[in-house]
Amino acid sequence: MKNCAREVLKNKKRIVIKIGSSSLTHEETGDLNLLKIEKLVRIISDLKGAGKEVILVSSGAIAAGRQALHHPQKPESLAQKQAFAAVGQARLMMVYQKLFAEYNQTAAQVLLTKDTMVNDGSRSNAQNTFEELLLLGTVPVVNENDTVSTSEIPLVDNFGDNDRLSAIVAALIGADLLILLSDIDGLYSDDPRTNQDARFIELVPEITPQLLSMGKATSGSSVGTGGMAAKLAAARIATDSGSDMVIANGRQVEVISRILEGEETGTLFLAHKNVDFDLMHYLNNEY
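Residues numbered from 1 in each chain as written. Predicted model: local features only at pLDDT ≥ 70, side-chain atom pairs only at ≥ 80, totals over all residues. Heavy atoms only, no water.

## Focus on the packing of aromatic side chains
All chains considered together, the criterion is met by two aromatic pairs. Plain terms: the ring middles of Tyr188 and Phe200 are 5.1 Å apart, the flat faces sit at 65 degrees to each other, and that makes the pair edge-to-face. Taken together, the residues span a long stretch of sequence, with Tyr188 in strand β6 (residues 187-188) and Phe200 in strand β7 (residues 200-201) at a distance of 12 residues. By relative accessible area, Tyr188 is classed as buried at 16%. (Phe/Tyr/Trp six-rings, centres within 6.5 Å; stacked < 30°, edge-to-face > 60°. Helix = DSSP H or I, 4+ residues; strand = E, 2+ residues; numbered from the N terminus. Buried < 20%, exposed > 50% of the residue type's maximum accessible area, 1.4 Å probe, protein only.)

Written out as structure tokens, the structure is:
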């Protein structure tokens with residue numbers, strides 16, 4: 001079953017890739033890792049050349065702002081985080097625009113908030129915008145609008161990040177596959193950083209209550225905010241909406257290519273489209 005499930009990934013056409021702050025920055029300084037970002041852009045551009053549609057959900061705005069402002073520590077207050085994001089989002093997008101242009105691709109910035117998604121009119125507009133951007137051959141680069149939204153950057157960084165946002169985007173546009181790149185290899189039965197007996201889980205046919213209990217709302221990074229609980233929440237949205245999802249370690253962004261070549265890397269969550277799936281219900285009750 002595992003091999004067959006992995007083989008199917010080769011034929012995915014509309015792909016959402018989420019990359020976390022810890023995968024975009026230098027561990028020692030928290031500054032943007034331009035070499036890694038360049039590799040990410042090259043891989044996405046190559047996927048585009050192969051005829052695939054790719055949407056990138058990118059963290060890193062706060063980290064980029066922290067670098068631009070020469071601030072040595074992770075921001076603490078909500079206002080400080082939003083100010084850093086205001087500076088960093090423009091800088092991050094500038095990096096993406098420049099690098100994608102080198103590979104003859106066009107990046108398009110899309111900033112979303114929960115209010116955008118829960119309002120019928122604005123959600124429909126967002127969906128139409130995504131469809132038109134993909135039709136035009138661009139690579140939409142998505143982030144939560146941190147300067148006005150507080151759902152991704154709470155005062156206590158214990159649940160959130162762009163994991164759920166990427167799943168919501170995947171559901172909104174009918175993606176075939178969602179890839180979450182993080183600072184962990186995939187799903188474990190417990191936190192492998194603290195429990196050496198934690199068991200790695202390669203395949204998740206269905207998300208059960210027992211599986212959800214394995215999620216730990218923790219993050220081992222000084223720049224990231226999303227823990228495994230957020231990733232499992234994302235998996236529920238993605239798989240219920242009909243999208244397969246893979247959690248993999250973003251330390252080497254080349255893992256994207258290996259996933260799409262059918263290699264057994266990361267944890268694969270199989271889609272099981274729920275006929276009763278209602279994105280609005282999830283947004284109103286859980287997000």
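Next comes the rest of the account.
## Thoughts on helix α7 (residues 120-135)
Over its 16 residues, α7 runs 23 Å from end to end, which matches the ideal 22 Å to within 8%, given 1.5 Å per residue. Buried residues of α7: Arg123, Ala126, Phe130, Leu133 and Leu134, and no others. Projected down its long axis, α7 shows its buried positions confined to an angular sector of 100 degrees, all on one face. Opposite the buried face of α7, by more than 90 degrees, sit the exposed residues Asp120 and Leu135. At the N-terminal end of α7, a side-chain oxygen is found 3.0 Å from the backbone nitrogen of Gly121, two or three residues along, and the residue is Asn119. A positive phi of about 85 degrees marks Gly137, the residue just after α7. (Expected span 1.5 Å × (residues − 1). Arc of directions from axis to C-beta. Polar contact = N/O pair within 3.5 Å; in protein donor to acceptor, adjacent residues only side chain to side chain.)

## A closer look at the pairing of strand β5 (residues 177-182)
Along β5, six of the six residues are buried, which leaves the element largely enclosed by surrounding structure. Burial of β5 is two-sided: the residues Leu177, Ile179 and Leu181 facing one way and the residues Leu178, Leu180 and Ser182 facing the other way are all buried. Where strand β1 (residues 14-19) lies against β5, five bridges are found, and the strand directions are parallel. Bridge assignment links Ile15 to a residue of β5, and that residue is Leu177. Relative to strand β9 (residues 244-249), β5 runs parallel, the two being bridged by six bridges. Note that in β9 the partner of Ile179 across the bridge is Val246. (Pairing = 2+ DSSP bridges.)

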